[in-house]
Amino acid sequence: MNIGFASVAEVDQLWPLIVNRVQHSCIRGGNPITAGELWQMCRSGNGFLCIVHDGNEILSSSVWRFEDDAFRCWMLEGKNMRDWLSHLREFIEKIASENGSKRLLTKGRKGWLRLFQTARECGDDYEVILT
């Protein structure tokens, strides 16, 4: 299992492989942003495209951005989530903490409360306090 952020130069190469899944995730999760806007965010360096892969196949993609004291997930999609979710969470929490974030934030569906048992509703967001 490999997890990492794509460089800005890699975003254009990876995007065609994930764009349909990203757009589906945006629509399904009620995300107020489109795949095109996320692509612009990542290729401009204003967001981070995180990829989970097994060497042969992309299992998940997500888009993250630092905002004040939080590391916000703008979109998360993937298949066989049980296989990689805990690894992704460890990776994201490490990056967030190393860069001064005190919490993870996302909008989306109530499924976040199942995926991250420590998440709580905070207005329109779901929030995980980092320890």
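Shown above is the structure to which this text applies.
Given the structure is predicted, the values throughout are model-derived calculations rather than measurements.

The rules behind the values
Once a new chain begins, its residue numbering starts again from 1 and follows that chain's sequence as written. Totals for whole chains, interfaces and linings use all residues, but because this is a predicted model, local features are given only for residues with pLDDT of at least 70 and pairs of side-chain atoms are given and counted only at 80 or more. For the side-chain quantities, the full set of heavy atoms in the structure was used; hydrogens and water were omitted. Residue types Ala, Val, Leu, Ile, Met, Phe, Trp, Tyr and Cys, when buried and joined through side-chain atoms within 4.5 Å, form a set referred to as a nonpolar core. For the exposure calls, accessible area comes from a 1.4 Å probe over protein chains only, and a residue counts as buried if that area is under 20% of its type's maximum, exposed if over 50%, partly exposed in between. Secondary structure elements are defined from DSSP: runs of H or I of at least 4 residues count as helices, runs of E of at least 2 residues count as strands, and each element is numbered from the N terminus. Any two residues having at least one pair of non-hydrogen atoms within 4.5 Å are treated as being in contact. One requirement defines pairing of two strands: DSSP has to find at least two bridges between them. Geometry of aromatic contacts follows a simple scheme: Phe, Tyr and Trp rings, the Trp one being its six-membered ring, pair when their centres are within 6.5 Å, and the pair is stacked under 30 degrees between planes, edge-to-face over 60, tilted otherwise. Each salt bridge in this description consists of a side-chain nitrogen of Lys or Arg and a carboxyl oxygen of Asp or Glu lying within 4 Å of one another. Lines are fitted to the C-alpha atoms to define the axes, a helix being fitted only along its stretch in contact, and any angle between axes, read from their N-to-C directions, falls within 0 to 180 degrees. Comment on the angle field: the value is read as roughly parallel under 35 degrees, roughly antiparallel over 145, roughly perpendicular from 65 to 115, and oblique elsewhere. Crossings are assigned a handedness: left-handed for a near helix turned anticlockwise from the far helix by less than a right angle, right-handed for a clockwise turn. For this scheme, ten residues count as nonpolar: Ala, Val, Leu, Ile, Met, Phe, Trp, Tyr, Cys and Pro. Four count as charged, namely Asp, Glu, Lys and Arg, and the remainder, Gly too, count as polar.

Q: Any chance you could explain the nonpolar core here in plain terms?
A: Within soluble globular proteins, side chains that are nonpolar generally end up buried alongside one another. Counting residues in each nonpolar core, the largest one holds 18 residues, and the members touching the most others are Trp64, Phe71, Trp84, Leu88, Ile92 and Leu104. Contributing elements (two or more residues each) for this core: strand E2 (48-53), strand E3 (58-67), strand E4 (70-78) and helix H3 (81-98). Sort the elements by how many residues they give to this core and H3 lands first, with 6 residues. In this view, Trp84 contacts Met1, Val52, Leu59, Ser60, Leu76, Glu77, Gly78 and Lys79; residues no more than four positions away in its chain are not counted. Residues Val11, Ile33, Cys42 and Val63 belong to the second largest nonpolar core, which totals 17 residues.

Q: What am I meant to see in the pairing of strand E5 (residues 103-106) here?
A: Each regular strand displays side chains that alternate between the two surfaces of the sheet. In E5, alternate side chains face the same way, and those of Arg103 and Leu105 on one face and Leu104 and Thr106 on the other are all buried. With 4 bridges connecting them, E4 and E5 associate as parallel partners. Looking across to E5, one finds that Phe71 is bridged to Leu104. Looking at chain direction, E5 and strand E7 (residues 125-129) are connected through 4 bridges and run antiparallel. Each bridged residue has a counterpart across the sheet, and for Leu105 the counterpart in E7 is Glu127.

Q: So what exactly am I meant to see when it comes to the environment of Ala9 here?
A: Mapped onto the elements of the fold, Ala9 is located in helix H1 (residues 8-28). A C-alpha to C-alpha distance of 35 Å links Ala9 and Gln117, two positions 108 residues apart in sequence.

Q: Where do I start with the packing of aromatic side chains in this structure?
A: How two aromatic rings sit relative to each other is set out by the distance from centre to centre and by the angle between their planes. Enumeration according to the criterion identifies 7 aromatic pairs in this entry. Relative to Phe66, the ring of Phe48 has its centre 5.8 Å away and its plane inclined at 80 degrees; by these criteria the two rings are edge-to-face. One end of the pair, Phe48, is in strand E2; the other, Phe66, is in strand E3, and 18 residues separate them in sequence. According to the relative accessible area criterion, Phe48 is partly exposed, its value standing at 30%.

Q: In this structure, what is going on with the pattern of salt bridges? I would like to understand it.
A: Any two side chains of opposite charge can pair if their charged atoms end up close together. This structure, assessed with the given rule, holds 10 salt bridges. Note that Asp12 is salt-bridged to Arg43, the shortest N-O span being 2.7 Å. Taken together, the residues Asp12 in helix H1 and Arg43 in helix H2 (residues 35-43) connect sequence positions 31 residues apart. Accessibility expressed as a relative area gives 37% for Arg43, which makes it partly exposed. A salt bridge links Arg72 to Glu67; the nearest nitrogen and oxygen atoms lie 2.8 Å apart. For Glu67, a relative accessible area of 23% puts it in the partly exposed group. When salt bridges with common partners are traced through the structure, they connect Asp69, Arg103, Arg120 and Glu127 into a single cluster.

Q: In this structure, what is going on with the packing of H1 against H2? I would like to understand it.
A: When two helices pack together, their arrangement is captured by the angle between the axes and the distance separating the axes. One way to put it is that H1 packs onto H2 with a least axis distance of 9 Å and a crossing angle of 155 degrees. Considering their axes alone, H1 and H2 lie roughly antiparallel with respect to each other. Remark: the crossing between H1 and H2 carries right-handed chirality. Along the contact surface, H1 presents Val8, Val11, Asp12, Trp15, Val19, Val22, Gln23 and Cys26, while H2 presents Ala35, Leu38, Trp39, Cys42 and Arg43. A class-by-class count of the residues in the contact of H1 with H2 yields 10 nonpolar, 1 polar and 2 charged.

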